Amino acid sequence: MNHRGVEFTVAKTASPGIWQWQFRIGEQVKSGRTETKIDLLAIRRVQLRIDRELKRFAQQGLEPAG
């Protein structure tokens, strides 16, 4: 999937209601897990995380590569 030019993945885990996510901004790879039974909510949480990271890059004056 793509959000604001950042490719990301969200996948179910073996545990019910647990989703694993990953994205890359520049050389940084961020990954983690979120707990929800709703797939669209898991995706939205990752998109919000991407927005926070892009904002942090902008505040530091860095240009996200990739």
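Overview of the structure.

Rules behind the numbers
Residues numbered from 1 in each chain as written. Predicted model: local features only at pLDDT ≥ 70, side-chain atom pairs only at ≥ 80, totals over all residues. Heavy atoms only, no water. Pairing = 2+ DSSP bridges. Helix = DSSP H or I, 4+ residues; strand = E, 2+ residues; numbered from the N terminus. Contact = heavy atoms within 4.5 Å. Axes fitted to C-alpha atoms, helices over the stretch in contact; angles between N-to-C directions. Phe/Tyr/Trp six-rings, centres within 6.5 Å; stacked < 30°, edge-to-face > 60°. Buried < 20%, exposed > 50% of the residue type's maximum accessible area, 1.4 Å probe, protein only.

Before going further, it helps to spend a moment on the sheet that holds strand 1 (residues 2–3). Working definition: the strands of a sheet are paired by backbone hydrogen bonds and lie parallel or antiparallel to each other. Strand order across the open sheet formed by four strands is 1-2-3-4, with antiparallel pairing between neighbours. Each having just a single partner strand, strand 1 and strand 4 (28–35) make up the two edges of the open sheet. In terms of strand pairing, strand 2 (residues 6–12) meets strand 3 (residues 18–25) through five bridges, oriented antiparallel. Residue Val10 lies in a different strand from strand 3, and its bridge partner there is Trp21. Strands strand 1, strand 2, strand 3 and strand 4 of the sheet are contacted by helix 1 (residues 39–59), whose axis makes an angle of about 30° with strand 3.

What follows concerns the packing of aromatic side chains. Within the structure shown, the criterion is met by one aromatic pair. Aromatic pair Trp21 and Phe23: ring centres 5.6 Å apart, planes at 15°, arrangement stacked. The pair Trp21 / Phe23 is uniform in exposure class, with both members buried.

Okay, the environment of Phe8 next. As for its position among the elements, Phe8 is in strand 2. With relative accessibility at 2%, the residue Phe8 sits in the buried group. Residues Phe8 and Ile43, 35 residues apart in the sequence, show an inter-C-alpha distance of 9.2 Å. Excluding residues that lie within four positions of it along the chain, Phe8 makes contacts with Met1, Asn2, His3, Gln22, Phe23, Ile43, Val46, Gln47 and Ile50.

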